[in-house]
Amino acid sequence: MRFSIWRITLKVIFVVFMLLIMIGPLVGIVIWSFARVWYWPSPIPQEFTLRYWLEVFRQGRVLNSLMLSVTIALLTVVFSITLAIPAAYGFARYKLPFERVLLLLFLMPQTFPQLPVFINLASIFGRMGLRGNIWGIILAHTMASLVFSLWIITATFKSIPVELEHVAQNLGASRFKTFWTVTFPLAIPGIIAGAIYVFLWSMGEFTAAFFIGAPFIQTAPVLMYTSSMGYNLQIASVIAIILVIPSLIFMVLIERFLKAEYIAGLGG
Amino acid sequence: MEVRNRIVGFLLILPAFLILALLYVYPLIRAIWMSFIKDGFLSLANYAKAFDIYSRDILYSVVITSVTVGFVLVLSILLASYLRFKEWRFLDIMYRLPLFIPFLIVGHAMRIFLAPHGTLNSLLTRILKVEELPGFSRSWIGLLWTFVWVMTPYAALIILGAFRALDSSYIEAARNLGASKGKIVFTVIIPMCKPSIMVAAILTFVRTISSLTILVMIGPNTPNMITVDMMFRINFFNDWGVANALGVISYLIVIVLAVYYLRFMAAERGGIKG
Amino acid sequence: MMVVLQTQNLCKSYGQVKALDDVNVYIEDAQLLAVIGPSGSGKTTLLRSIAGFVELDSGKILIKSKDVTNLPPEKRNVAMFFQNYALWPHMTVFENVAYGLKIRKYDKNTIRERVEWALDFLDIRSLAERKPSQLSGGQQQRVALARAIVIQPDVLLLDEPLSNLDAKIRMRIRFELKALQKRLKIPTLYVTHDQEEALSIADKIAIMHNGKVLQVGTPEEVYKNPVDLFIADFIGVNSVVKVKCAGEKLVEVGNLKLPVQKETVYVVIRAEETKVLPIQQRFDIAEGDLRLEGTIIGKLYLGSKYRYEIKIEGVDEVLFINSEEVYNVNEQVQIISRKGNFFIYEQ
């Protein structure tokens, strides 16, 4: 019996420890988002305020940057998914010329640091007038997200037994008709998962948005960064919470579609 | 028909291919090319300068990254081994929490959490009944802590996935012969899941060494990692040559790992092709 | 007699492996042709090439005298029944069955009528609104069959249709399938690895091995006159022994002395139709019957009978013969196989 008491004590200590290190950092930003005055060594702020939260709902730079990020993310989703669906089908079902080269090309962005590409993209866009322009960011996000939306959707197509398509062809449907009536409807959950993933990634992406957009275009993460650097921790915390909540919700929803190998790239 | 098939397949991929060629491959080649250009001439001056100023940072990057990978592997293998044998919903949810949180926010949260007067210290000073504790943000300890915090879930997800995919009969056979769970992990599970563990290690390495956002939020001012140096070169000195040289150096650091990873993934995808 | 389906000199290689090696088969009228062979014999490649999913290296496929070799699968009007049924999980039973008709742009009423006819025909009308996931294996099989026959295909292709069913149901469905095929009068090509299934259901059987068609004939012909060792061994429950040539151009197998060209002969004995008798019992053997003497070295109880492992003097392999008589191990027995129940091949 003494053994099991030990076990329970150990387990409780472990749970508390886990909660502290995993949830602790998030609790910190929640408290900061309400803090008006907070001097050391008080464990909680001396004065609370809703002022910084209200800024989100008032016209102003916080709301603007959030709306901007949503716009960029939605357009990125549209482009990325539209490009990814045919490409994913190609990878899943066709024999391709230079197949190995293509595979390597589409896997490469996950494997090499992205920063050099983003800064050179910024410089190229600069000469094309796309720097400080939301289309520049959208293009960069489409490119970077294409790699993982493509693999998520490819995996979805591959999980659909090829016989289901063969029956349709056998019954007289053309390849396009087969795709439209059989493959696509069956792949919708995976495609939605990919879309959500791209959306969340784009919403939280900093590096490309910073080099291509700043200082004229301030997406939510960029504003968060500048606020945080300017020791405006409250605004930064409010934006952080707004960006985190949808991620935590969707994590539960799309989890089963995601293989870790495909999503290594989020966060940047 | 075979040829027609290939053409159709290629046409399906073409739009995505063009985007990638224009927006990824072209900047990549440009990065390499620009790193050899100094004042309009082909030279190695940028590399000389990069090594001159930043050799300490390059070493620092590699060391921090390697230590991160070590910690992440140990933690994620422990975690995956535990969860392979035992369902524990609490742990399952907890370890995955950082998965979807953008790095920038992780950096911000850790900055608040680990600061000298941050959330962690205000809790610890009360429990330990002391006046002051050192903060970890803006030091290598805080940086390492944050990297491990954010990278472990990915690695654990990959490794646990492989562990779970392993047929139970292998494990049952070992138990049947009298092996303890610990023994089974080391003699059966880890050797059989080696490729996935390698992939987890490689991805952790690449993502850590190419991370910028976490560093700008909580990294120490000096020494710094090469990504921050690249950012400074551009933002403060408008020096694209050295920035690109540093970029190419970061490519060279990961290239061996990248090749292994690409070969593994290409083989896997080739293998499951329908 | 009209030839509905004809393949002419089909060839297909995958690397070094010849999946189809000069394959010629045909189906007349509403016959059921069973293609049998062990796995890897090329039978599924043959079926899939007729459906259009395999690109041939050479050869021609004619359906109703029309060359379809280069037509894509959707233009062939052959209906294929897939081993795993391949029902679309996002459509109801009705929608699954109606798919081929919708593709052919029939009007709504015609589609409804014909789908209902097919569902009635297979006795699954009550399942029309269900999704495939709500059906049992047997029901799914019927839906897949309904989906194939409703388009009134020129040829029906069945790929191991019974392999996913329990042994007991399989027996019953064999009868049903045969009756159904006769009522529908659809020319059918039936691929299976199960020779017993093929014998019981087919009008004609084609036996494939290593990409070649070795023999085509009615079940009786194939059973009674297998043209080579492989077929004799493959069809029926058999035991094969190898006998080395004793003297010059002469081999002794039990009571028989055969003139031969080669070194060894193989004797295939139908295990089910051979008698095992006590060694002393007198038994009149006719011209051409085979009589062997041996010792029982092992036995298995099979329920209604025993399976005996019998050692023949001077032969390396042992014989496996089924018999209802009871013998003990080490007992001496004689084995009598009537003419036609054993086959001898030189090799």
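What counts, and where the lines are drawn
- Per chain, residue numbering runs from 1 following the sequence as it is written.
- Chains and ligands are labelled by the order in which they are written, letters from A for the one and numbers from 1 for the other.
- A pLDDT threshold of at least 70 governs which residues receive local features in this predicted model, and a stricter bar of 80 or more applies before side-chain atom pairs are shown or counted, although totals over entire chains, interfaces and linings include all residues.
- Secondary structure follows DSSP: runs of H or I at least 4 residues long count as helices, runs of E at least 2 residues long count as strands, and numbering of each begins at the N terminus.
- Any residue with 12 or fewer other C-beta atoms within 10 Å of its own C-beta is exposed, any with 20 or more is buried, and the rest are partly exposed; the C-beta atoms used are placed from the backbone.
- What counts as a contact here is a pair of residues whose C-beta atoms, placed from the backbone, lie within 7 Å.
- Under the scheme applied, nonpolar residues are Ala, Val, Leu, Ile, Met, Phe, Trp, Tyr, Cys and Pro; charged residues are Asp, Glu, Lys and Arg; polar residues are all the others, including Gly.
- In this entry, domain limits derive from an automatic or database-based domain assignment.
- Here, any two strands with at least 2 DSSP bridges between them count as paired.
- Comment: axis = line fitted to C-alpha atoms, over the contacting stretch for helices; angle = value between 0 and 180 degrees taken between N-to-C directions.
- In what follows, roughly perpendicular refers to angles from 65 to 115 degrees, roughly parallel to angles under 35, roughly antiparallel to angles over 145, and oblique to any angle outside these ranges.
- For every residue, the pLDDT score states the predictor's confidence, bounded by 0 at the bottom and 100 at the top.
- Throughout this description, the term nonpolar core refers to a group of buried Ala, Val, Leu, Ile, Met, Phe, Trp, Tyr and Cys residues whose C-beta atoms join them within 7 Å.
- Any helix carries an expected span of 1.5 Å times its number of residues minus one.
- Values of bend correspond, residue by residue, to the angle between axes fitted over the seven residues ending at that residue and the seven starting there.

K.L.:
Just checking my understanding: could you explain the overall build of chain B for this structure?
P.N.:
Counting its secondary structure elements, chain B contains 12 helices and two strands. Its helices and strands taken in sequence order, chain B reads α-β-β-α-α-α-α-α-α-α-α-α-α-α from the N to the C terminus. Its C-alpha atoms give chain B principal-axis dimensions of about 80 × 70 × 30 Å. Split into buried and exposed, the 274 residues of chain B put 46% on the buried side. In chain B, the proportion of contacts linking residues at least 24 apart, taken out of those at least 6 apart, comes to 73%.

K.L.:
How should I be thinking about the overall build of chain C in this particular structure?
P.N.:
Helix and strand content of chain C: eight helices and 21 strands. Principal axes of the C-alpha set define a box for chain C whose edges measure 75 × 45 × 35 Å. Here chain C holds 347 residues, and 39% of them are scored as buried. Relative to all contacts within chain C whose residues are 6 or more apart in sequence, the contacts with residues 24 or more apart total 65%.

K.L.:
Please clarify how the interface of chain B and chain A should be interpreted in this entry.
P.N.:
In many analyses, interface size is given as the accessible surface area lost on bringing the parts together. The partner chain A presents 76 residues to the 71 residues of chain B that form the contact. Here the side of chain B that touches chain A gets 17 residues from one element, more than from any other, and that element is helix H1 (residues 2-34) of chain B. Each residue belonging to the side of chain B that touches chain A can be placed in one class, and the counts come to 50 nonpolar, 16 polar and five charged.

K.L.:
Could you clarify how one ought to interpret the domain arrangement of chain C in this entry?
P.N.:
All names here are of chain C. The assigned domain composition of chain C is domain 1 (3-231) and domain 2 (239-346). Computed from C-alpha atoms alone, the centre-to-centre distance between domain 1 and domain 2 is 39 Å. If you look at the interface, domain 1 gives four residues, while domain 2 gives five residues. Looking at side-chain class alone, the side of domain 1 that touches domain 2 contains two nonpolar, no polar and two charged residues.

K.L.:
Looking at this structure, how should I read the pairing of strand E9 (residues 188-192) of chain C?
P.N.:
Looking down a regular strand, the side chains alternate between one sheet face and the other. Residues and elements named next belong to chain C. Burial within E9 is extensive, with five of its five residues counted as buried. Along E9, one buried face is formed by Thr-188, Tyr-190 and Thr-192 and the opposite face, lined by Leu-189 and Val-191, is buried too. Judged from the five bridges that link them, strand E4 (residues 32-36) and E9 form a sheet pairing that is parallel. Across the sheet, Val-35 pairs through a bridge with Val-191, a residue of E9.

K.L.:
How should the interface of chain A and chain C be read in this particular structure?
P.N.:
Counting from both sides, the interface comprises 16 residues of chain A and, opposite them, 17 residues of chain C. Secondary-structure elements contributing two or more residues to the side of chain A that touches chain C are helix H7 (162-170) and helix H8 (175-204) of chain A. The dominant element in the side of chain A that touches chain C, judged by the number of residues it contributes, is H7 of chain A, at seven residues. When grouped by side-chain class, the residues that make up the side of chain A that touches chain C number nine nonpolar, five polar and two charged.

K.L.:
Hey, could you run me through the sheet that holds strand E18 (residues 306-312) of chain C in this one?
P.N.:
Hydrogen bonds between backbone atoms are what pair the strands of a sheet, whose relative direction is either parallel or antiparallel. Residues and elements named next belong to chain C. Strand order across the open sheet formed by five strands is E16-E20-E17-E18-E19, with antiparallel pairing between neighbours. The outermost strands of the open sheet, each flanked by one partner alone, are strand E16 (274-278) and strand E19 (319-323). Taken pair by pair, the neighbouring strands of this sheet meet at an average axis angle of 45°, ignoring direction. Summarising the sheet, strand E17 (residues 290-301) and strand E20 (residues 332-337) pair through six bridges and their orientation is antiparallel. Within E20, the position partnered with Gly-294 by the bridge is Val-333.

K.L.:
When you look at the sheet that holds strand E7 (residues 78-81) of chain C in this model, what are you seeing that I'm missing?
P.N.:
Residues and elements named next belong to chain C. The strand order across the open sheet built from six strands is E7-E8-E9-E4-E10-E11, with neighbouring strands paired in mixed fashion. Looking at strand neighbours, the two that pair on one side only are E7 and strand E11 (212-217), the edges of this open sheet. Between one strand axis and the next, the sheet turns through 20° on average, direction left out of account. As paired strands, strand E10 (residues 204-209) and E11 are joined by five bridges and run antiparallel to one another. By the bridge assignment, Ile-205 is partnered in E11 with Gly-217.

K.L.:
Help me understand the packing of helix H5 (residues 115-128) of chain A against H1 of chain B in this model?
P.N.:
Helix-helix packing: each pair is described by the crossing angle between the helix axes and the interaxial distance. It is the contact of H5 of chain A with H1 of chain B, at a shortest axis distance of 8 Å, that shows an interaxial angle of 95°. When the axis of H5 of chain A is compared with that of H1 of chain B, the two are roughly perpendicular. Residues Pro-116, Val-117, Asn-120, Leu-121 and Ile-124 of chain A of H5 of chain A form the contact with H1 of chain B, whose own contacting residues are Leu-23, Tyr-24, Pro-27, Leu-28, Arg-30 and Ala-31 of chain B. Its residues assigned to classes, the contact of H5 of chain A with H1 of chain B shows nine nonpolar, one polar and one charged.

K.L.:
Would you explain the confidence of the model for chain C in this entry?
P.N.:
Detailed reading of the predicted coordinates is not advisable wherever pLDDT is low. Residues and elements named next belong to chain C. Of all residues in chain C, 99% attain a pLDDT of 70 or more, and the chain-wide mean is 89. E4 holds the highest mean pLDDT among the elements of chain C, 95, whereas strand E13 (residues 250-253) holds the lowest, 76. Two summary scores accompany this predicted model of the complex, namely pTM at 0.84 and ipTM at 0.87.

K.L.:
Quick question: what am I supposed to make of the nonpolar core here?
P.N.:
Grouped burial of nonpolar side chains is what soluble globular proteins tend to show. Counting 265 residues, the largest nonpolar core has Ile-159 of chain B together with Leu-157 and Leu-189 of chain C as its most contacted members. Per-element tally for this core: the top contributor is helix H6 (residues 140-165) of chain B, with 16 residues. Residues in contact with Ile-159 of chain B, not counting those within four places in the same chain, are Ser-76, Ile-77, Ala-80, Cys-193, Ser-196, Ile-197 and Ala-200 of chain B.

K.L.:
In this structure, what is going on with the environment of Asp-120 of chain C? I would like to understand it.
P.N.:
Residues and elements named next belong to chain C. Here Asp-120 shows up in helix H3 (residues 108-121). Here Asp-120 falls in the exposed class, since 11 other C-beta atoms lie within 10 Å of it. The sequence separation of Asp-120 and Ala-146 amounts to 26 residues, and the corresponding C-alpha distance is 9.3 Å.

K.L.:
Which parts of the structure should I look at to understand helix H2 (residues 93-103) of chain C?
P.N.:
The α-helix advances 3.6 residues per turn, and as a result positions three or four apart in sequence lie on the same side. Counting buried residues in H2 of chain C gives eight out of 11 residues, a clear majority hidden from the surface. Residues of H2 of chain C that are buried include every one of Val-93, Phe-94, Asn-96, Val-97, Ala-98, Tyr-99, Gly-100 and Leu-101 of chain C, and no others. The elements touched by buried residues of H2 of chain C are H7 of chain A together with H3 and helix H4 (137-149) of chain C. Remark: Lys-105 of chain C follows H2 of chain C within two positions and exhibits a positive phi of approximately 60°.

K.L.:
Help me understand unusual backbone geometry in this model?
P.N.:
Only a minority of non-glycine residues have a phi that is not negative, and only a minority of peptide bonds are not trans. Residue and element names in this part refer to chain C. Within the chain, Tyr-85 stands out as a residue other than glycine whose phi angle is a positive 75°. Looking at where Tyr-85 falls in the secondary structure, it is placed in the loop between E7 and H2. Taking the C-beta count within 10 Å as the criterion, Tyr-85 has 23 such neighbours and is therefore assigned buried. Its identity is not glycine, yet Ala-86 carries a phi of approximately 50°, on the positive side.

K.L.:
Can you walk me through H1 of chain B in this structure?
P.N.:
All names here are of chain B. The end-to-end C-alpha distance of H1 is 42 Å, clearly below the 48 Å that 33 residues give at a rise of 1.5 Å each. The sharpest bend along H1 comes to roughly 45°, located at Leu-14, with the proline Pro-15 sitting one to four residues further on. Within H1 the residues assigned to the buried category are Gly-9, Leu-12, Ile-13, Ala-16, Leu-20, Leu-23, Tyr-24, Pro-27, Leu-28, Ala-31 and Met-34.

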